[in-house]
Amino acid sequence: MPEVRLALAPFDPAAELTAFGAAHDEAGGIVSFLGKVRAGDAVDALELRHFAPLTLPGMQALAAQAESRWNLAGLLVVHRSGVMVPGDPIVLVAAAARHRRDAFAATDFVMDHLKSDSWFWKRERSGGEWRWIEPREQDHADLTRW
Amino acid sequence: MPEVRLALAPFDPAAELTAFGAAHDEAGGIVSFLGKVRAGDAVDALELRHFAPLTLPGMQALAAQAESRWNLAGLLVVHRSGVMVPGDPIVLVAAAARHRRDAFAATDFVMDHLKSDSWFWKRERSGGEWRWIEPREQDHADLTRW
Amino acid sequence: MARLLFLGRLEDLAGGPERALPLTAPTALADILAGLPADLAAALSGPRVRLARNGALVAPEGLVLAEGDELAFLPPVSGG
Amino acid sequence: MARLLFLGRLEDLAGGPERALPLTAPTALADILAGLPADLAAALSGPRVRLARNGALVAPEGLVLAEGDELAFLPPVSGG
């Protein structure tokens, strides 16, 4: 069973990964992706909004799809919603597998779909102004890889 | 500059990743691979031997190659040598990048090469007997991906 | 009474995340949109805006809102 | 005196990780191998065994060991 969570408050990626690793010590390899709010840009805050009836169910369906497609010992998906500042974690995906190729592919797949095909809306604040972010063409192109 | 280490004693992957993430907060994404000694197999110990004049320089050259090939904010490679027991970390590779595709590719590339093209010899103990591990065909096939 | 929810940039256009809609009878989506400011109605009708009634995705064709319904307008996502 | 180092499974064949080699003069690799047990010499001459003299990879052809040299025999790796 994948472990999928929508985090409404900051989470600790290192603690998440440690717990995930401990729970899957029969797997030889763990691939993870951690996405954070970038520091050093003009953006001083980022907000993600979700739509409760669809967002978490969509993440769960995506995780189930990854688990059915690759041979995984475990899969973790944690995604923030709410207002974040530079350095804050946004998303953590980790896949444990006996063979590392499965773990790489599943993590990559989940990230591509979270980025372009999950129910989040993003806005950024810079210079005191909030601005909604439109989807990028690259995000859609990424989906055609699968 | 990539950070490349040959660990002669156990290391803490969570602490490594936390420090690496903190050092690269301008990067939006960090991909990592953690390889551990599997639990639940008949194997109760694993030993990696290295050859000091070649092993670390080879890892450094590999990391430099990855940094020249992808656009990375940082690259971490830590590889154990010595006797390990199930659950012990063997290898940790992490790549920080502005674009996650670079981080995925670099991590995958470094792992494929560490597995099949770095100066380590492995033996496993099961039933009280040590047995040297020969290279797997799959490891060599993996290199042709790059 | 029904409720309209506006996600993402549609919230700015609508002047808020939601709007209450007095209903005297089941009302077709087209009639609801006709009662809104023209620029908002146009944005809500965009081909890439998805609809969810009471939390479930629905097609706009033939959609009718009844008392107590909640209709969410979901523009293209930009998550992760 | 020179030293031979045996990595990986070659250590088991050689009965230990290294072997001291008395040298009275610079000696060709072929002559050194001729002085070892035949099965060990055969394994050390395998096409997939690489050589490092004093820590640097070298080709076996024409290789001569001198006083103080260290020659490592490196079978195929199985790392990670």
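Sequence order as written defines the numbering, with residues in each chain counted from 1. Chains and ligands are labelled sequentially in the order written, the chains with letters from A and the ligands with numbers from 1. Whole-chain, interface and lining totals are the exception, using all residues; otherwise, since this is a predicted model, local features are given only for residues with pLDDT of at least 70 and side-chain atom pairs are given and counted only at 80 or more. Side-chain measures here rest on the full set of heavy atoms in the structure, leaving out hydrogens and waters.

1. Some thoughts on the overall build of chain A
At step 1: In this text, helices come from DSSP runs of H or I with a minimum length of four residues, and strands from runs of E with a minimum of two, each type numbered from the N-terminal end. For chain A, the helix and strand inventory stands at 4 helices and 8 strands.
At step 2: Tracing chain A from N to C terminus, the helices and strands come up as β-α-β-β-α-β-β-β-α-β-β-α.
At step 3: Radius of gyration: C-alpha atoms only; globule rule: 2.2 Å multiplied by the number of residues to the exponent 0.38. Against the 2.2 N^0.38 benchmark of 15 Å for 146 residues, chain A shows a C-alpha radius of gyration of 15 Å, consistent with a compact globule.
At step 4: Put simply, chain A has 146 residues, and 59% of those count as buried.
At step 5: Note on areas: these come from Shrake-Rupley sampling with a 1.4 Å probe, and a residue is covered only by the protein chains present in the view. If you sum the accessible surface of chain A, you get close to 6,000 Å²; carbon and sulfur atoms cover 52% of it.
At step 6: Looking at charge distribution, chain A has the averaged site of its 16 positive side-chain charges lying 2 Å from that of its 20 negative ones. Relative accessible area decides the class of each residue, using a 1.4 Å probe on protein chains only: under 20% of the type maximum gives buried, over 50% gives exposed, and in between gives partly exposed. Neither His nor the chain ends is counted toward charge; the positive residues are Lys and Arg and the negative residues Asp and Glu. A charge is said to be at NZ when it belongs to Lys, at CZ for Arg, at CG for Asp and at CD for Glu.

2. A closer look at the relation of the copies chain B and chain A
At step 1: Least-squares superposition aligns the copies on the C-alpha atoms of those residues with pLDDT at or above 70 in both. Each copy of the sequence occupies a distinct position, and chain B is placed on chain A by a rotation of 180° and an axial shift of 0.0 Å, giving an RMSD of 0.0 Å. What the rotation and shift describe, once combined, is the action of a two-fold rotation axis.

3. Describing the environment of B:Gly21
At step 1: With respect to the helices and strands, B:Gly21 occurs in helix 1 (residues 13-23).
At step 2: A relative accessible area of 8% places B:Gly21 in the buried class.
At step 3: Considering only alpha carbons, one finds B:Gly21 and B:Ala96, 75 residues apart in sequence, at a separation of 7.7 Å.
At step 4: Residue contacts are counted whenever heavy atoms from the two residues lie within 4.5 Å of one another. Excluding residues that lie within four positions of it along the chain, B:Gly21 makes contacts with A:Lys36 and B:Ile30.

4. Digging into the packing of helix 2 (residues 52-69) of chain A against helix 3 (residues 100-117) of chain A
All names here are of chain A.
At step 1: In the contact formed by helix 2 and helix 3, the axes pass within 10 Å of each other and the chain directions differ by 155°. Relative to helix 3, the element helix 2 is oriented roughly antiparallel. Judged by the twist between their axes, the crossing of helix 2 over helix 3 is right-handed. In this structure, helix 2 uses Met59, Leu62, Gln65, Ala66 and Arg69 to contact helix 3, whose residues at the interface are Phe109, Val110, His113 and Leu114.
At step 2: Residues are grouped as follows: Ala, Val, Leu, Ile, Met, Phe, Trp, Tyr, Cys and Pro are nonpolar; Asp, Glu, Lys and Arg are charged; all remaining types, including Gly, are polar. Looking at the contact of helix 2 with helix 3, its residues break down into 6 nonpolar, 2 polar and 1 charged. Angles here are taken between N-to-C directions and fall from 0 to 180 degrees, while the axes themselves are lines fitted to C-alpha atoms, restricted in helices to the stretch in contact. In what follows, roughly perpendicular refers to angles from 65 to 115 degrees, roughly parallel to angles under 35, roughly antiparallel to angles over 145, and oblique to any angle outside these ranges. By definition, turning the near helix anticlockwise from the far helix through less than a right angle yields a left-handed crossing, and turning it clockwise yields a right-handed one.

5. Observations regarding the interface of chain B and chain A
At step 1: Counting residues at the interface gives 32 residues for chain B, matched by 32 residues for chain A.
At step 2: Taken over both partners, the interface formed by chain B and chain A buries close to 2,800 Å², and the fraction arising from carbon and sulfur atoms is 45%.
At step 3: In terms of surface lost to chain A, no three residues of chain B exceed B:Arg38, B:Arg100 and B:Phe104, which account for 24% of the buried area on that side.
At step 4: For this document, the term salt bridge refers to a Lys or Arg side-chain nitrogen within 4 Å of an Asp or Glu carboxyl oxygen. Linking chain B with chain A are 12 salt bridges, by the criterion used here.
At step 5: Among the salt bridges present, the one from B:Arg101 reaches A:Asp112, with a minimum N-O distance of 2.8 Å.
At step 6: In the analysis that follows, any N or O atom pair within 3.5 Å is treated as a polar contact, provided that within protein one partner can donate a hydrogen and the other can accept it, and provided that, for residues neighboring in sequence, both atoms belong to side chains. Counting across the interface, chain B meets chain A through 23 residue pairs in polar contact (both at pLDDT 80 or more).
At step 7: Among the elements of the structure, helix 1, strand 2 (29-36) and helix 3 (100-117) of chain B are those that each provide at least two residues to the side of chain B that touches chain A.
At step 8: When the residues that make up the side of chain B that touches chain A are grouped by side-chain class, the tally is 11 nonpolar, 8 polar and 13 charged. A simple way to read buried area is as the amount of 1.4 Å-probe accessible surface that goes missing from two parts once joined, with both sides added.

6. Comments concerning the confidence of the model for chain C
Any residue range with low pLDDT should be treated as having predicted coordinates unsuitable for detailed reading.
At step 1: Confidence per residue, as judged by the predictor, is encoded in pLDDT with a range of 0 to 100. Chain-level pLDDT for chain C is 94 on average; 98% of the residues reach the 70-or-more range.
At step 2: Model confidence for the complex is summarised by a pTM of 0.93, with the ipTM given as 0.91.

7. Thoughts on helix 1 of chain B
At step 1: Of the positions making up helix 1 of chain B, those classed as buried are B:Pro13, B:Ala14, B:Glu16, B:Leu17, B:Phe20 and B:Gly21. Angularly, the buried residues of helix 1 of chain B cover 160° about the axis, an arc narrow enough to put them on a single face. Away from the buried face of helix 1 of chain B by more than 90 degrees, exposed residues B:Ala22 and B:Ala23 are located.
At step 2: The secondary structure elements touched by the buried residues of helix 1 of chain B are helix 1 (13-23) and strand 2 (29-36) of chain A together with strand 1 (3-7), strand 2, strand 4 (74-80) and strand 6 (89-97) of chain B.
At step 3: With a side-chain oxygen lying 3.0 Å from the backbone nitrogen of B:Ala14, the N-terminal cap of helix 1 of chain B falls on B:Asp12. Taken from the helix axis, the directions to the C-beta atoms give the arc we talk about.

8. Concerning the pairing of strand 4 of chain B
All names here are of chain B.
At step 1: Buried residues dominate strand 4, accounting for 7 of its 7 residues.
At step 2: Burial along strand 4 is two-sided: Gly74, Leu76, Val78 and Arg80 facing one way and Leu75, Val77 and His79 facing the other are all buried.
At step 3: Across 5 bridges, strand 1 lies against strand 4 in parallel orientation. Within strand 4, the position partnered with valine 4 by the bridge is valine 77.
At step 4: For two strands to pair, DSSP has to find at least two bridges joining them. The pairing of strand 4 with strand 6 spans 6 bridges and is classified as antiparallel.

9. Structural notes on the interface of chain A and chain C
At step 1: Contacts between the two partners involve 23 residues from chain A, matched on the other side by 20 residues from chain C.
At step 2: When chain A packs against chain C, close to 1,800 Å² is buried across both sides, 60% of that on carbon and sulfur atoms.
At step 3: Counting the surface chain A buries against chain C, the share from its top three residues, A:Phe51, A:Trp121 and A:Trp132, is 33%.
At step 4: Salt-bridge contacts for A:Glu134 lead to C:Arg9; the nearest nitrogen and oxygen are separated by 3.1 Å.
At step 5: Our count for the contact surface shared by chain A and chain C stands at 5 residue pairs in polar contact (both at pLDDT 80 or more).
At step 6: At the level of elements, strand 3 (45-50), helix 2, strand 6 (89-97), helix 3 and strand 7 (120-126) of chain A are the ones that each hand at least two residues to the side of chain A that touches chain C.
At step 7: For the side of chain A that touches chain C, the element with the most residues is helix 3 of chain A, which contributes 4 residues.
At step 8: Tallied by class, the residues present in the side of chain A that touches chain C amount to 13 nonpolar, 5 polar and 5 charged.

10. Comments concerning unusual backbone geometry
At step 1: Even without being a glycine, C:Asn54 presents a positive backbone phi close to 50°.
At step 2: One can find C:Asn54 in the loop between strand 4 (50-53) and strand 5 (56-58).

11. Some points on the sheet that holds strand 4 (residues 74-80) of chain A
At step 1: The 8 strands lie next to each other as 1(A)-4(A)-6(A)-2(A)-2(B)-6(B)-4(B)-1(B), forming an open sheet whose pairing is mixed. Whereas interior strands pair on both sides, the edge strands pair on one side only; in this sheet they are strand 1 (3-7) of chain A together with strand 1 of chain B. Put simply, the sheet's adjacent strands are angled 10° from each other on average, direction ignored.
At step 2: Against the sheet, helix 3 of chain A makes contact with strand 2, strand 4 and strand 6 of chain A together with strand 2 of chain B, and its axis sits at roughly 150° relative to strand 6 of chain A, the strand it touches most.
At step 3: Packed on one face of the sheet, helix 1 of chain B meets strand 2 of chain A together with strand 1, strand 2, strand 4 and strand 6 of chain B and runs near 15° to strand 6 of chain B.

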